[in-house]
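# Inside the fold
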Amino acid sequence: MLFFSCSKASAMLLPCIFLAYLVASSSANFYQDAQITWGDQRAKILNGGQLLTLSLDQASGAGFQSKNEYLFGRFDMQLKLVPGNSAGSVTTFYVSILNLSSQGPGHDEIDFEFLGNSSGNPYTVHTNVYAQGKGEKEQQFHLWFDPTTTFHTYSIVWNAQRITFLVDNIPIRVFHNSEAIGIPFPNNQPMRVYASLWNADDWATQGGRVKADWTKAPFVASYRNFKINACPPSSGSSCVSKSTNSLNTEAWQTQELDGAGRNRLRWVQAKHMIYNYCSDVKRFMQGLPSECKRSRF
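Just so it is clear, the structure is predicted and the values come from calculations on it, not from any experiment. Sequence order sets the numbering: in each chain, residues are counted from 1 along the sequence as written. Since the coordinates come from a predicted model, pLDDT governs what is reported: local features require at least 70, and pairs of side-chain atoms require 80 or more to be given and counted, while whole-chain, interface and lining totals use all residues. Hydrogens and waters are ignored; side-chain quantities use all the structure's heavy atoms.

### Details of the overall build of the protein
Each helix is a run of H or I in the DSSP string that is no shorter than four residues. Each strand is a run of E no shorter than two, and both are numbered from the N terminus. Helix and strand content of the protein: four helices and 16 strands. In the protein, buried positions account for 55% of the 297 residues. Whether two residues are in contact is decided by their heavy atoms, any of which lying within 4.5 Å being enough. Considering only contacts within the protein whose residues lie at least 6 apart along the sequence, 68% involve residues at least 24 apart. With an accessible surface of roughly 13,200 Å², the protein has 51% of that area assigned to carbon and sulfur atoms. Exposure categories follow from relative accessible area, calculated using a 1.4 Å probe and restricted to protein chains: below 20% of the type maximum is buried, above 50% is exposed, and the middle band is partly exposed. Per-residue and other accessible areas follow the Shrake-Rupley method at a 1.4 Å probe size, with only the shown protein chains counted as cover for residues.

Listed below in structure tokens is the structure:
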């Protein structure tokens, strides 16, 4: 499937949105498809279930999760991040088997985390993949826009071959299934979608050197247009979709980047990547992870 419909001239300059997907797809309703899991009144569902806000103060943050769990899928969420001085805060959107028994050797997770910063400094987009309890596969980025002024779409496409992270339908990272060379890949445990806003000022902003300014609290992040196109755990070939376009219903199951998508990925990683575990020779002094020797495109 083609990821993008932009002209060649715009491919390396501006983010573009796959318009056909956005027009044809309908959004999940937070009342029907999500449940608030912590934070008391700091999590609010508004606009008839079309908007969900999370707030953070010195006492607590807040979070929610999908009511259902899925084994593979495409998950889209529009976020507007905490504006102004967001130092110390972490806003998240991820899929995980997060429960009391999941931490440790069996833990699977696919992460988008947005690390706040002091006013005038960019957010850091932190991505990671855990499989069978093994993580340490971080890539970080600075966005090419201000993510606090309007909503932008963040997507996780998870199939048996690869995991693709997208921002406004532009791929920023692809993590391939490398089980053939002994690298764990999350492909046999169903996961839920999670989102949260929480205090991590001991590490989130410039390694913990910049703390949260609680005089600016409450900090608020907003979520909308939660789209699920995914398979229930025992679905076989039957998958759940909030899309009214049959062309999109199962395309994600084999989705990979076309030539234009690979060009955009190269652009993002050349211009906006600020950390790549596959380049961190000081961290991996005994040798870089085996999957780093393969093409990341």
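### Looking at the sheet that holds strand E6 (residues 89-96)
What the eight strands build is an open sheet, ordered E1-E4-E13-E6-E7-E8-E9-E16; its pairing is antiparallel. Since the sheet does not close on itself, it has two edges, and those belong to strand E1 (34-38) and strand E16 (273-276), each with one partner. Strand after strand, the sheet turns through a mean of 15° between neighbouring axes, direction not considered. By the bridge criterion, four bridges tie E1 to strand E4 (residues 62-66) in an arrangement that is antiparallel. Looking across to E4, one finds that Gln35 is bridged to Gln65. We call two strands paired when DSSP finds no fewer than two bridges between them. Orientation is described by lines fitted to C-alpha atoms, with helices fitted over the stretch in contact, and by angles between N-to-C directions that extend from 0 to 180 degrees.

### Some words on the side chain of Ser196
Looking at the element boundaries, Ser196 is found in strand E13 (residues 192-199). The buried category is assigned to Ser196, whose relative accessible area is 6%. Not counting chain neighbours up to four residues away, the residues in contact with Ser196 comprise Trp38, Leu54, Ala62, Gly63, Val90, Thr91, Thr92, Tyr94 and Tyr223.

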